[in-house]
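Coordinate analysis (summary)
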Amino acid sequence: MCFKDHMDRFILTDAQWAKMEPLCLGRKTDRGRSGKDNRLFIEAVLWIARTGSPWRDLPTYFGHWNSVYSRYSDWTKAGVFQKIFEAVSDDPDMEYAMIDGTVIRVHRHGQGAKGGPEVRRRDAV
């Protein structure tokens, strides 16, 4: 599958990416190895965060899972994700914010009430 075929299913907007892009490592102007596509890499990390899947289940259009994980580990050690978080946190997207107003009542035995199962006289005989 091609990345462009699934572009509409990703979550980064162009405005968010514009804030993140200057903070990414591995740009073509950087010395050393450069990343092939930093936006695709960030989308891969966000996919893992959204789904809670293990790295080995990363879809192949993001690249080989081990390469993506190694890059993630390097960026984490370098503090890149902290900088990216700070850059985008000034404009929160409340699309996925939820408030849960449900109330779950616990049976009195689960609340730490005294006693326990009562033994009836006829059951004791």
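Residues numbered from 1 in each chain as written. Predicted model: local features only at pLDDT ≥ 70, side-chain atom pairs only at ≥ 80, totals over all residues. Heavy atoms only, no water.

Per an unreviewed UniProt entry, the protein chain goes by the name Transposase and belongs to Komagataeibacter diospyri.

So, the overall build of the protein chain
Short version of the rule: By the criteria applied, helices consist of DSSP H or I runs no shorter than four residues and strands consist of E runs no shorter than two, each listed in order from the N terminus. Relative accessibility thresholds used throughout: buried, under 20% of the residue-type maximum; exposed, over 50%; partly exposed, between the two (1.4 Å probe, protein chains only). Contacts were defined at the residue level, with two residues in contact if any of their heavy atoms lie within 4.5 Å. All accessible-area figures derive from a Shrake-Rupley calculation using a 1.4 Å probe, and residue coverage is judged against the displayed protein chains alone.
The helix and strand tally for the protein chain stands at five helices and zero strands. Secondary structure elements in the protein chain, listed N-terminal to C-terminal, are α-α-α-α-α. For the protein chain, the proportion of its 125 residues judged to be buried stands at 23%. Residue pairs in contact within the protein chain that sit at least 24 positions apart in sequence constitute 55% of those at least 6 positions apart. When the accessible surface of the protein chain is totalled, it reaches about 10200 Å², and 53% of it is carbon and sulfur.

What to know about the packing of aromatic side chains
The test is simple: Each pair of aromatic rings taken from Phe, Tyr and Trp, with Trp reduced to its six-membered ring, is defined by centres within 6.5 Å and is described as stacked if the planes are under 30 degrees apart, edge-to-face if over 60, and tilted in the remaining cases. As a reminder, the over-ring test applies to NZ of lysine and CZ of arginine, requiring each to be within 6 Å of the ring centre and within 35 degrees of the ring normal.
Enumeration according to the criterion identifies nine aromatic pairs in this entry. Taking 6.3 Å as the distance between ring centres and 40° as the angle between the ring planes, the aromatic pair formed by Phe41 and Phe81 counts as tilted. Here Phe41, found in helix α2 (residues 38-51), pairs with Phe81, found in helix α4 (residues 80-88); they are 40 residues apart in sequence, far enough to count as distant. With relative accessibility at 4%, the residue Phe41 sits in the buried group. Where Trp55 meets Tyr69, the ring centres are 5.5 Å apart and the plane angle is 65°; that geometry is what we call edge-to-face. With a gap of 14 residues between them, Trp55 in the loop between α2 and α3 (65-77) and Tyr69 in helix α3 connect regions that are remote in the sequence. A relative accessible area of 35% places Tyr69 in the partly exposed class. Members of the aromatic cluster, joined through ring pairs, are Phe41, Trp55, Tyr69, Tyr72, Trp75 and Phe81. Just above the ring of Phe41 sits the side chain of Arg71; from NZ or CZ to the centre is 4.5 Å.

Notes on the nonpolar core
Applied cut-off: Buried residues of nine kinds, namely Ala, Val, Leu, Ile, Met, Phe, Trp, Tyr and Cys, make up a nonpolar core once their side-chain atoms join them within 4.5 Å.
Counting residues in each nonpolar core, the largest one holds 19 residues, and the members touching the most others are Ile42, Leu58, Phe62, Trp75 and Ile84. Secondary structure elements with two or more residues in this core: α1 (14-20), α2, α3 and α4. Among the elements that line this core, the one with the most residues is α2, at seven residues. With residues up to four places along the chain from it excluded, the contact list for Ile42 reads Leu12, Trp17, Met20, Trp75, Phe81 and Ile84.

Examining the environment of Leu58
Topologically, Leu58 is positioned in the loop between α2 and α3. Separated by 10 residues in sequence, Leu58 and Val68 have C-alpha atoms that sit 8.9 Å apart. When sequence neighbours within four positions are dropped, the list of residues in contact with Leu58 reads Ala44, Trp47, Ile48, Gly63, Trp65 and Val68.

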